[in-house]
Amino acid sequence: MTGFKSDFLNILKQRSFIHQSSDLEEIDQLAVERKLSAYTGFDCTAPSLHIGNLATLMILYWLQKTGNKPVILMGGATTMIGDPSGKEETRKLLSLRKIKTNSESIETLFKKLFPSGSSLQDPLILNNEAWLTKINYIDMLRDIGSHFSVNRMLTMDSVRLRLERQQEMSFIEFNYMILQAYDFVHLARTWGCNLQIGGSDQWGNIIAGMELGRRMYALRLHALTTPLLTTASGEKMGKSSGGAIWLDPNLCMPYAYWQYWRNVEDTDTPRFLRQFTTLPPDEINRLELLRGTEINEAKKILATEATAFLHGREAAETAAETARLVFETRISSENLPSINVTRQELESGFGLLKALVICKFATSNSEARRFIKGNAVHINDRLIQDEQHRLSSEDADEKGIIKLSLGKKRHFLMKII
RNA sequence: GGAGGGAUGCCCGAGUGGUUAAAGGGGACGGGCUGUAAACCCGUUGGCUAUGCCUUCGUAGGUUCGAAUCCUACUCCCUCCA
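In this text, all values refer to a predicted model and were calculated from it rather than measured experimentally. (Residues numbered from 1 in each chain as written. Chains lettered and ligands numbered in written order. Predicted model: local features only at pLDDT ≥ 70, side-chain atom pairs only at ≥ 80, totals over all residues. Heavy atoms only, no water.)

Asker: Just give me the short version of the overall build of chain A, but keep the residues and values in it.
Answerer: In terms of helices and strands, chain A carries 19 helices and 15 strands. If one aligns the C-alpha atoms of chain A with their principal axes, the spans along those axes are about 75 × 50 × 45 Å. Out of the 417 residues belonging to chain A, those deemed buried represent 50%. A fraction of 72% describes how many contacts in chain A between residues 6 or more apart in sequence connect residues 24 or more apart. For chain A, the computed accessible surface area is about 20,700 Å², with 51% contributed by carbon and sulfur atoms. For chain A, the separation between the mean place of its 51 positive charges and that of its 49 negative charges on side chains is 2 Å. (Helix = DSSP H or I, 4+ residues; strand = E, 2+ residues; numbered from the N terminus. Buried < 20%, exposed > 50% of the residue type's maximum accessible area, 1.4 Å probe, protein only. Contact = heavy atoms within 4.5 Å. Areas by Shrake-Rupley, 256 points an atom, 1.4 Å probe, with all protein chains shown as cover. Lys, Arg positive; Asp, Glu negative; His and termini not counted. Charge placed at Lys NZ, Arg CZ, Asp CG, Glu CD.)

Asker: Outline the packing of aromatic side chains, supporting the account with residue identities and numerical values.
Answerer: With the rule as written, the count across this model stands at 10 aromatic pairs. Ring pairs connect the aromatic residues Tyr257, Tyr260, Trp261, Phe272 and Phe276, which therefore count as one cluster. In this structure, arginine 189 is placed above the aromatic ring of tyrosine 217, and the distance from its NZ or CZ to the ring centre is 3.6 Å. Looking at lysine 354, its charged tip hangs above the ring of phenylalanine 350, at a distance of 4.4 Å from the centre. (Phe/Tyr/Trp six-rings, centres within 6.5 Å; stacked < 30°, edge-to-face > 60°. Lys NZ or Arg CZ within 6 Å of the ring centre and 35° of its normal.)

Asker: Can you break down the side chain of asparagine 127 residue by residue, with the values?
Answerer: Along the chain, asparagine 127 turns up in strand 4 (residues 124-127). A distance of 3.1 Å separates the side chain of asparagine 127 from the backbone nitrogen of glycine 76, its partner in a polar contact. The residues touching asparagine 127, leaving out its near neighbours within four places in the chain, are Leu73, Met74, Gly75, Gly76, Ala77 and Ser103. (Polar contact = N/O pair within 3.5 Å; in protein donor to acceptor, adjacent residues only side chain to side chain.)

Asker: Can you lay out the environment of glycine 292 for me, pointing to particular residues and giving the numbers?
Answerer: The topology assignment puts glycine 292 in the loop between helix 14 (281-288) and helix 15 (295-311). Spatially, the C-alpha atoms of glycine 292 and glutamine 196 are 40 Å apart, while their sequence positions differ by 96 residues.

Asker: I'd like to hear about the nonpolar core, residue by residue, with values.
Answerer: Counting residues in each nonpolar core, the largest one holds 65 residues, and the members touching the most others are Leu57, Phe110, Leu247, Tyr257 and Trp261. The leading source of residues in this core is helix 3 (residues 54-65), at 9 residues. Here this core spans two domains, and each of domain 1 (7-226) and domain 2 (253-328) adds at least three residues to it. Ignoring anything within four residues of it in the chain, the contact list for leucine 57 reads Phe42, Leu49, Phe110, Leu113, Phe114 and Leu247. Counting 36 residues, the second largest nonpolar core, distinct from the first, contains Ile178, Ala181, Phe184 and Leu221. (Core = buried A, V, L, I, M, F, W, Y, C linked by side-chain atoms within 4.5 Å. Domains from an automatic or database assignment.)

Asker: I'd like a description of the environment of aspartate 201, backed by residues and values.
Answerer: Relative to the elements of secondary structure, aspartate 201 occurs in the loop between strand 5 (195-199) and helix 11 (203-217). Owing to a relative accessible area of 37%, aspartate 201 belongs among the partly exposed residues under this scheme.

Asker: So what about the sheet that holds strand 12 (residues 382-383)? Which residues, and what values?
Answerer: Here 5 strands make up an open sheet; going across it, the order is 9-15-14-11-12 and the pairing mixed. Single-partner strands in this sheet number two, and they are strand 9 (338-341) and strand 12. (Pairing = 2+ DSSP bridges.)

Asker: Please set out the side chain of histidine 186 residue by residue, giving values where relevant.
Answerer: Relative to the elements of secondary structure, histidine 186 occurs in helix 10 (residues 176-191). Beyond its immediate chain neighbours, meaning those up to four positions away, histidine 186 contacts Trp131 and Trp191.

Asker: Quick one: what's the story with helix 3, residue by residue and with numbers?
Answerer: Counted at 1.5 Å a residue, the expected span for helix 3 with its 12 residues is 16 Å, and the 16 Å between its end C-alpha atoms agrees. The buried fraction of helix 3 is high, at 11 of 12 residues. Residues of helix 3 that are buried include every one of Leu54, Ala55, Thr56, Leu57, Met58, Ile59, Leu60, Tyr61, Trp62, Leu63 and Gln64, and no others. Immediately downstream of helix 3, the backbone of glycine 67 shows phi near 90°, a positive value. (Expected span 1.5 Å × (residues − 1).)

Asker: Explain helix 16 (residues 313-329) to me, using residue names and the numbers behind them.
Answerer: Counted at 1.5 Å a residue, the expected span for helix 16 with its 17 residues is 24 Å, and the 23 Å between its end C-alpha atoms agrees. Lining the buried residues of helix 16 we find helix 12 (254-262), helix 15 and strand 15 (410-416). Arginine 330 occupies a position one or two residues after helix 16 and carries a positive phi of about 65°.

Asker: Explain the domain arrangement of chain A to me, using residue names and the numbers behind them.
Answerer: Along its sequence, chain A is organised into domain 1 (7-226), domain 2 (253-328) and domain 3 (338-416). Of note, the centres of domain 2 and domain 3, computed from C-alpha atoms alone, are 30 Å apart.

Asker: Tell me about the pattern of salt bridges, and name the residues and values.
Answerer: For the coordinates displayed, the defined rule picks out 17 salt bridges. Between aspartate 266 and lysine 299 there is a salt bridge, with its nearest N and O atoms 2.7 Å apart. With aspartate 266 in the loop between helix 12 and helix 13 (269-276) and lysine 299 in helix 15, this pair connects stretches of sequence that are 33 residues apart. Overall, the relative accessible area of 7% leaves lysine 299 in the buried class. For arginine 369, the salt bridge goes to glutamate 387, with nearest N and O atoms at 3.1 Å. One end of the pair, arginine 369, is in helix 19 (residues 365-373); the other, glutamate 387, is in the loop between strand 12 and strand 13 (390-391), with 18 residues separating them in the sequence. Take arginine 369: its relative accessible area is 29%, and that puts it in the partly exposed class. Beyond isolated ion pairs, a larger network of salt bridges with shared partners links Glu297, Lys300 and Glu328. (Salt bridge = Lys/Arg side-chain N within 4 Å of Asp/Glu carboxyl O.)

Asker: Explain the sheet that holds strand 2 (residues 37-42) to me, and be specific about the residues and the numbers.
Answerer: Here 6 strands make up an open sheet; going across it, the order is 1-6-5-2-3-4 and the pairing mixed. Only two strands of the sheet have a single neighbouring strand rather than two, namely strand 1 (20-21) and strand 4. Taken together, the 4 bridges between strand 3 (residues 69-74) and strand 4 define a ladder with parallel strand orientation. Bridge assignment links isoleucine 72 to a residue of strand 4, and that residue is isoleucine 125.

The following block contains the structure:
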């Protein structure tokens, strides 16, 4: 019904992943013949990817699932330059060491998400450091630079928007596009890549690569971008409660990740179900029709499925169960974040303020005081208004657990041992 | 190389000698209403051993009873001219 011959494009269409593309018919044909080899490049500006990267990851997942080959490119070298696309100002240059540790930590995610067997569809994980750092400047200018028109580059959004706003654009950033274009051509020649996938802000960089391939070697390369992810209220996705939602479980626990999806806006739920779960379309259609409070059922499924995709089924079920106990039965689950406290430590006087700082609800005693003043702090569901309160075994339940709560949603356990 | 403008809290931005821990807005967080939603209303948004003390308006000095505000030097950014 969606009109493509390949499963790959049909799925992408159904799940609203296609924003812009080069010749879809050709991509369709390649996918049918299982000759599609698509790459996405990832910046190494942070130690983990975040929710904003998820759409491209999902596409790579479907690509592999439908019998084509995903190629993941770590931007070890391009991160040294800094992509100006979609950014209002120059990003500070990262130290080479930082980039290295970032790329290593991101790579572990890919190894987990795209396990290798020994088939043709095994993912390829590469780092452009391998070739870009070996380039000689004069050769580069003669072989590659000569194919680029500055006139044309100035019309690209990444450059044009900066110029129009009279914002600084350094020469190093101006070159970013050329390096990414070269990456595409290199991957095409060396590994047979014929498609590049990216967020919508990558369109200019991607077609620069397509054009370079055509000019240098008459290659037929293709482009596909995903819509920029925003929430219904128009915010960039992935920002919440003071920061990005990271994909690395060490930076964002599965429980917190589950909570993020549980708390999305109603109007986003159907789209997120399609994009970030692998549920069959029938099931999604059914969930989309839920309205009012029933939509909470859909959100729970969204949370569990999205978490399962990233952290595995078991972690997702645990998170779901923890949430169910905490929110629906008010029993504190053992799986909430916690620390152990000895009875001795407790008896020697354990201030509530200190406890709130330890469990990271507050960053200072002053902030903890403010929370208490604002009626935000509960111990075992009992409102505490005395900032001098000292924790004791009397605060614990029969199992010897003290549950600290900040607001309705954040809980932390202190287990007396 | 010459001339001018600027740097304020998470971000934007007002303030040009005392009532300024610094207006206003945004964001974030908390409370209320709800459905762990949105919208809306209210509150908070430097630190501490806390009716007080300490630190903060690019950096380092100085003037003054008193400085984000005045002076000097330095650093960085921007605009115009060459």
